[in-house]
Amino acid sequence: MSSINDRPLSRRTALKFGLGATAMPFLGGSLSACQGASTSGGGDFTFISTQFTPIEEKQRYEKILSTHVKDFKIAYNSMTAGEVVTQVSAQVKANKVSIGLVGGLHGDLATLADNLEDLDTVKSQLSSAGISDDLWSLAMLGGSTVKYIPWMQATYVVAAHKSTLAYLPSGADQNKLTYDQYLQWAINARKATGKAVFGFPAGPKGLYHRFFQGFLLPSFTGGQVSGFASADAVTAWKYMKELWANMNPASTNYDNLQEPMARGEVLVGWDHVARLVNAPKDKPDDWVMLPSPTGPKGQGYMLVVAGFGVPRGADLDQATKVMTALSQLPAQAETLRQNAFFPVVKGDLPTDLPPAVSLEAQAVGAQQNASNAIVAVPPVGLGKRDGEVSQVYKDCFAQICKDGKEPAAVLGAQAKILQGILDQAKVPCWTPDKAVAGQTCSVA
C-alpha cells in the first residue's frame, strides 16, 4: 500500500467545510491529548477513540452520542493511540471483533489501514453532506478505497488579551505577524508590564511539541522532518530560545493556556483551539484570536483531521448507522459548540456558538487563506512510536531552551534518534515533507 503522503495536499482545499453561503476553510493535535484510557461503561455498541480523553470533553461527547444515536446505547471508550492500535489489531487477527467503531486522527488510522473495512458504500450514502474531495482523498489512506469517514477537524491559534495589542511593534498587523514581530511583542509586553505575560503550553500534558512540528520548523525550514538538523533549523531553535526567555516561566506547568489566561497569569499565547475556548468565556470582548506568525519559508500551520474507521469483521450496518448520524450537521455543530472541534460537513452553523469559537473561526480563516501558508500534519503511520517522535521535539526544547545547550549539537544528536525511530517504523515522510512510496523518511 502506498503512503497517503504520495498524494499532494492542496493548501487552499485541504480541509473545507461550508459555513452558510460562503465556504470557509478550516484546518487544523492531537485533537485532544491522549493521556491514559477511560471507559464509559456498558453499551450495545463499542466505540473506541483517541479523542476526547479529558473527562469533561468525554462526558460532553457522550451526551452528543446519546442525543443523536437513538437505536442503541454506545459505550464510548477513550484511550491512547497505541492502545487503540493494539486492541483493533488483536481483535481482527483473532477474528473476534467486538469493537464497532474506532475514532482517531488521520495518522492513527493510517497505522490501522490494513485492519479497516472499505467504506466506499458509506461515502456514497454521505454524498450530499458536502465533505470535500480532499478529505475523501485523505480518507483513502493512499489506497483505492475509502478507509475512514471524516469526523471532525481542529487546529491551533494565538489568543491575546486586547490590552496587549498596545505593545505590538510599530507597523505590525496583528493578523499578519512575523515571528520576529511576535518575539518583539513579547519583549515589549514584558518591559511594559514588568512581567512575562506570554505563555506556552509546556506542561506534562501540553501540546507544545505540535508547535515545533507544525508551526516553527515548517515556517523556518519548509519541513517537519527534512531539514531537522539544518542551518535553518538551528536558526529556528535560536529564535525559540529567545522567545522562551520572554515567556512566563510557569509555562512548564501549563497543560493548556485557558486556565492561566482566566487567572490573568498569561495574556498572550498559542494553543489548540479546544484549549483556548474558556479563556474569553466571561469577557469575550476583551480577547482576540490571531493566526500563527509567518517565518522565512512561509506561514506554517498544523492541519488535524479525525475520522471514523470500522474494524474488519465488525457489524458494518450498525457502524454505518452511527457514522451517518454523527455526520449530520446538528451532531457536528453540537461537537463544535461543546468541544470546539469543527465540522467537516457543509451547512449553516448555529448563530449562538460560544463567542470564543466565533473568534477562533476568524483566526483560522486568516491562517489558511494566507498566500504563503505551509500545511503540516501530525506524524503519520507511526502507531505506538508516535510518542517517541514527539519526545524528540520535546527533548530539543528542553535541552536548547531550558538547559541552554547549543542548538546545532542538540539537533545533530536528536536527528540520529529520530532517524532510528523512522528506520525501525519504516514510514515515508508526511506533509509538508515530500514522501516517496516505499522509501523511509530521511532526517536531514
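Structure first, text after, so check above.
This one's a predicted model, so the numbers in the text were calculated from it and none came from an experiment.

A. Quick look at the packing of aromatic side chains. Taken as a whole, this structure holds 34 aromatic pairs when the rule is applied. Between the aromatic rings of Phe52 and Phe341, the centroid separation amounts to 5.1 Å while the plane-to-plane angle is 50 degrees, which identifies the pairing as tilted. One end of the pair, Phe52, is in the loop between strand 3 (45-49) and helix 1 (55-68); the other, Phe341, is in the loop between helix 11 (329-339) and helix 12 (355-368), and 289 residues separate them in sequence. No difference in accessibility class separates Phe52 from Phe341, as the two residues are buried.

B. Highlighting the pairing of strand 10 (residues 287-290). Neither face of strand 10 is left uncovered, since the one carrying Trp287 and Met289 and the one carrying Val288 and Leu290 both have all their residues buried. Here 4 bridges tie strand 7 (residues 156-161) to strand 10, and the two strands are oriented antiparallel to one another. Bridge pairing links Ala160 to Val288 in strand 10.

C. Spatial organisation of helix 13 (residues 386-402). In this model, helix 13 (17 residues) spans 23 Å end to end at C-alpha, consistent with the 24 Å of a helix rising 1.5 Å per residue. Of all the residues in helix 13, the buried ones are Asp386, Val389, Ser390, Val392, Tyr393, Lys394, Cys396, Phe397, Gln399, Ile400 and Cys401. Looking at the buried positions of helix 13, the neighbouring elements they touch are helix 7 (208-221), helix 8 (231-245) and helix 14 (407-425). With its phi angle positive at about 80 degrees, Gly404 sits one or two positions after the end of helix 13.

D. Spatial organisation of the layout of surface pockets. Volume-wise, the largest pocket comes out at about 590 Å³. Together, 26 residues line the largest pocket, and Glu56, Glu57, Arg60, Gln258 and Ala274 are the ones closest to its centre. At the level of elements, helix 1, helix 9 (258-263), helix 11 and helix 12 are the ones that each hand at least two residues to the lining of the largest pocket.

E. Quick peek at the environment of Ala186. Inspection of the secondary structure puts Ala186 in helix 6 (residues 179-193). Linking Ala186 and Val268, residues 82 residues apart in sequence, is a C-alpha distance of 8.4 Å.

F. Quick look at the side chain of Asp386. Note on placement: Asp386 falls in helix 13. Look at Asp386: it is buried, it has no salt bridge, and the nearest opposite charge is Arg210 at 4.1 Å. If sequence neighbours within four positions are ignored, Asp386 has contacts with Arg210 and Pro379.

G. Structural detail: the sheet that holds strand 3. One open sheet accounts for 5 strands, arranged 4-3-5-12-6; its pairing is mixed. Only two strands of the sheet have a single neighbouring strand rather than two, namely strand 4 (74-78) and strand 6 (149-154). Taking the axes of each pair of neighbouring strands and ignoring which way they run, one obtains an average angle of 20 degrees across the sheet. One ladder, built from 3 bridges, connects strand 3 with strand 5 (residues 101-105); its direction is parallel. When the bridges of strand 5 are listed, Ser49 appears paired with Gly103. Of the strands in this sheet, strand 3, strand 4 and strand 6 are in contact with helix 1, which crosses strand 4 at around 155 degrees.

H. Molecular detail of helix 10 (residues 316-326). For helix 10, every residue scored as buried is listed here: Ala319, Thr320, Val322, Met323, Ala325 and Leu326. Between the side-chain oxygen at the start of helix 10 and the backbone nitrogen of Asp317 there is a gap of 3.2 Å, and the oxygen is on Asp315.

I. Region of interest: the packing of helix 6 against helix 8. In contact at an axis separation of 9 Å, helix 6 and helix 8 are set at 20 degrees when each is read in the N-to-C sense. Classified by the angle between their axes, helix 6 and helix 8 sit roughly parallel to one another. Viewed along their axes, helix 6 and helix 8 form a crossing whose handedness is left-handed. Here helix 6 contributes Tyr179, Asp180, Tyr182, Leu183, Ala186 and Ile187 to the contact with helix 8, which in turn contributes Tyr239, Glu242 and Leu243. When the residues that make up the contact of helix 6 with helix 8 are grouped by side-chain class, the tally is 7 nonpolar, no polar and 2 charged.

Cut-offs applied
Residues numbered from 1 in each chain as written. Predicted model: local features only at pLDDT ≥ 70, side-chain atom pairs only at ≥ 80, totals over all residues. Heavy atoms only, no water. Phe/Tyr/Trp six-rings, centres within 6.5 Å; stacked < 30°, edge-to-face > 60°. Helix = DSSP H or I, 4+ residues; strand = E, 2+ residues; numbered from the N terminus. Buried < 20%, exposed > 50% of the residue type's maximum accessible area, 1.4 Å probe, protein only. Pairing = 2+ DSSP bridges. Expected span 1.5 Å × (residues − 1). Contact = heavy atoms within 4.5 Å. 1 Å grid on protein atoms, 1.4 Å probe; cavity = no way out; pocket = protein on both sides within 12 Å on 5 of 7 lines; lining within 4 Å. Points joined across faces, edges and corners; volume = space filled by probe spheres on them. Lys, Arg positive; Asp, Glu negative; His and termini not counted. Salt bridge = Lys/Arg side-chain N within 4 Å of Asp/Glu carboxyl O. Axes fitted to C-alpha atoms, helices over the stretch in contact; angles between N-to-C directions. Polar contact = N/O pair within 3.5 Å; in protein donor to acceptor, adjacent residues only side chain to side chain. Parallel < 35°, antiparallel > 145°, perpendicular 65-115°, else oblique. Left-handed = near helix turned anticlockwise from the far one by under 90°. Nonpolar A, V, L, I, M, F, W, Y, C, P; charged D, E, K, R; others polar.

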